[in-house]
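Now for the letters of each chain:
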Amino acid sequence: MKIDLISIFPDYFAPLKLSLIGKAEQDGLLKIEIHDLRDFTSDVHRTVDDTPYGGGAGMVMKAQPWGDATDAIIENDPQVIVIVPTPSGQVLTQEIAEQLSTADHLLFLCGRYEGIDARVMTDLSARVDLREVSIGDYVLAGGEVAALVMIEAITRLIPGVLGNAASLIEESHSLVQDNQTLLEYPNFTKPPVWRGLQVPDVLTSGNHGEIAKWRAAQAVARTEKIKQVKPPEGAQ
C-alpha cells in the first residue's frame, strides 16, 4: 500500500517510522510519503491560510496550495482514495478500516485552523473517491493525530504487518456473536497472583472448552457494560 500525507507539520509523522508500521515499510509492505503543504504555496511568505468569507473567528486554509498539492499526487494515480480527517465526517469503524486496508493508495489531507476551503473537497469529490472521516465526536487542533490513528487502524489489517495474524481474529470489534459485534474479553499473564489479585481459575484449568465459554461471556458482559454507560449530566 502507498500512503501519502499532506500537512504543514510533516515532522508530526515521525511515529510512522516506529513499531509495526515502520517495520512494514522496511519490509516493503508499505510506502509512506509525507508532503509539506507550504511547498505548494505561491507567495514568498508561503502562506497557507486567510480570513474566512462571511466573517468569524479563526483562519481558513487556502484552496490554491491544497489544489496544487493534491493535483501533483492525483495526476499519477487517479484511483487514489483521498481521506480528509474532520469531526464532521463519518466516524471510523473497524468495518471501514477493513475496507480501506485493501486499497492500493491512500492520500490523507491534514487540515488545521478552521479547516480547508470547502471548494477543495467539492473539486476533489468530482474527480476521485473522497472520504471525510472522523475518529470521534470531538475536535482536535489538526488532522495529523487523527491521520495517525486511522493509518494504524488500517495498516495493521494488511496481511504481514502483524507478526501473528491470529491476533486479528479475537479482538474488539472483530468478535461476532448472534450478529452482534463484541469487545474483547480481558487477558492475563504471569504471575498468577499480583497484588492480591488472582487470575480467574478457569484460565489456568487447561479446559479449553470452559475457557472459550468464559471468554465469550466476558466479551458479552464488557460490551453490555459499555452500552449502558451514560454521558455526563448536561452532555449533548
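Because the structure is a prediction, the values reported are computed rather than measured.

All right, on to the overall build of the chain then. Helix and strand counts for the chain come out as six helices and eleven strands. Counting over 236 residues, the chain shows a buried share of 38%. A sequence separation of at least 24 residues applies to 72% of the contacts in the chain between residues at least 6 apart. Within the structure as shown, the chain displays about 14300 Å² of accessible surface, and the carbon and sulfur contribution to it stands at 52%.

Attention now moves to the pattern of salt bridges. Overall, the coordinates contain eleven salt bridges when judged by the stated rule. The partner of Lys23 in a salt bridge is Asp27, and the shortest N-O contact between them spans 2.8 Å. Where salt bridges share partners, they join Lys2, Asp4 and Glu33 into one cluster.

Take the side chain of Ser7 next. Note on placement: Ser7 falls in strand 1 (residues 2–7). For Ser7, a relative accessible area of 0% corresponds to the buried category. Excluding its chain neighbours within four sequence positions, the residues that come into contact with Ser7 are Phe13, His35, Asp36, Leu37, Cys110 and Glu144.

All right, on to the pairing of strand 5 (residues 81–91) then. Sheet analysis places strand 5 next to strand 6 (residues 105–109), joined by three bridges and oriented parallel. Paired with Ile83 across the bridge in strand 6 is Phe108. In this sheet, strand 7 (residues 129–134) lies alongside strand 5 in parallel orientation, the contact comprising seven bridges. Along strand 7, the bridge assignment pairs Val84 with Glu132.

Turning our eyes to something else, we now look at a nonpolar patch on the surface. On the surface, a cluster of nonpolar side chains totalling about 500 Å² of accessible area is made up of Phe9, Tyr12, Tyr138, Leu140, Val145 and Val149. Its place among the elements puts Tyr138 in the loop between strand 7 and helix 5 (143–155). Tyr138 gets classed as partly exposed once you look at its relative accessible area, which sits at 45%.

Turning to helix 5, a few remarks are in order. The α-helix winds at 3.6 residues per turn, so residues separated by three or four positions along the chain end up facing the same way. For helix 5, which comprises 13 residues, the first-to-last C-alpha distance of 18 Å matches the rise-based estimate of 18 Å (1.5 Å per residue) to within 8%. Within helix 5 the residues assigned to the buried category are Gly143, Glu144, Ala146, Ala147, Leu148, Met150, Ile151, Ile154 and Thr155. Buried residues along helix 5 sit against strand 1, helix 1 (19–26), strand 5, helix 3 (94–100), strand 6 and strand 7.

A few words on the environment of Ala97. Along the chain, the position of Ala97 falls in helix 3. The class of Ala97 is buried, set by a relative accessible area of 1%. On a C-alpha basis, the gap between Ala97 and Ile151 in space is 8.8 Å, while along the polypeptide they are 54 residues apart. When neighbours within four sequence positions are excluded, Ala97 is seen to be in contact with Leu92, Ala153, Ile154 and Leu157.

A word on unusual backbone geometry. Excluding glycine, a negative phi dihedral is what most residues carry, and trans is how most peptide bonds are arranged. With an omega dihedral of 5 degrees, the bond running from Lys190 to Pro191 counts as a cis peptide bond. Note that Pro191 resides in the loop between strand 9 (180–182) and strand 10 (193–194). One non-glycine residue, Arg46, adopts positive backbone phi at about 55 degrees. For Arg195, which is not glycine, the phi torsion reads 50 degrees and is therefore positive. Taking relative accessible area as the criterion, Arg195 reaches 72% and is therefore assigned exposed.

Time to look at the sheet that holds strand 2 (residues 31–36). The five strands lie next to each other as 2-1-6-5-7, forming an open sheet whose pairing is parallel. Each of the sheet's edge strands pairs with one partner strand only, and the pair in question is strand 2 and strand 7. Between one strand and the next, the sheet's axes are offset by a mean angle of 30 degrees, whatever the strand orientation. Contacts from helix 4 (residues 118–125) reach strand 5, strand 6 and strand 7 within the one sheet, and its direction differs from that of strand 7 by about 135 degrees.

With that settled, the discussion passes to the nonpolar core. Within the largest apolar cluster, 29 residues are counted, with the highest numbers of intra-cluster contacts made by Leu5, Leu106 and Phe108. If one sorts the elements of this core by residue count, helix 5 sits on top with six residues. Those residues in contact with Leu5 that lie beyond four places of it in its chain are Phe13, Leu16, Ile32, Glu33, Ile34, His35, Leu107, Phe108, Ala147 and Ile151. Residues Ile6, Ile8, Ile74 and Val84 belong to the second largest nonpolar core, which totals 20 residues.

Cut-offs and rules
- Residues numbered from 1 in each chain as written.
- Predicted model: local features only at pLDDT ≥ 70, side-chain atom pairs only at ≥ 80, totals over all residues.
- Heavy atoms only, no water.
- Helix = DSSP H or I, 4+ residues; strand = E, 2+ residues; numbered from the N terminus.
- Buried < 20%, exposed > 50% of the residue type's maximum accessible area, 1.4 Å probe, protein only.
- Contact = heavy atoms within 4.5 Å.
- Areas by Shrake-Rupley, 256 points an atom, 1.4 Å probe, with all protein chains shown as cover.
- Salt bridge = Lys/Arg side-chain N within 4 Å of Asp/Glu carboxyl O.
- Pairing = 2+ DSSP bridges.
- Patch = residues over 30% accessible without salt bridge, like charges linked within 9 Å, V, L, I, M, F, W, Y side chains within 5 Å.
- Expected span 1.5 Å × (residues − 1).
- Axes fitted to C-alpha atoms, helices over the stretch in contact; angles between N-to-C directions.
- Core = buried A, V, L, I, M, F, W, Y, C linked by side-chain atoms within 4.5 Å.

As far as function goes, none of this settles anything; it's purely spatial.
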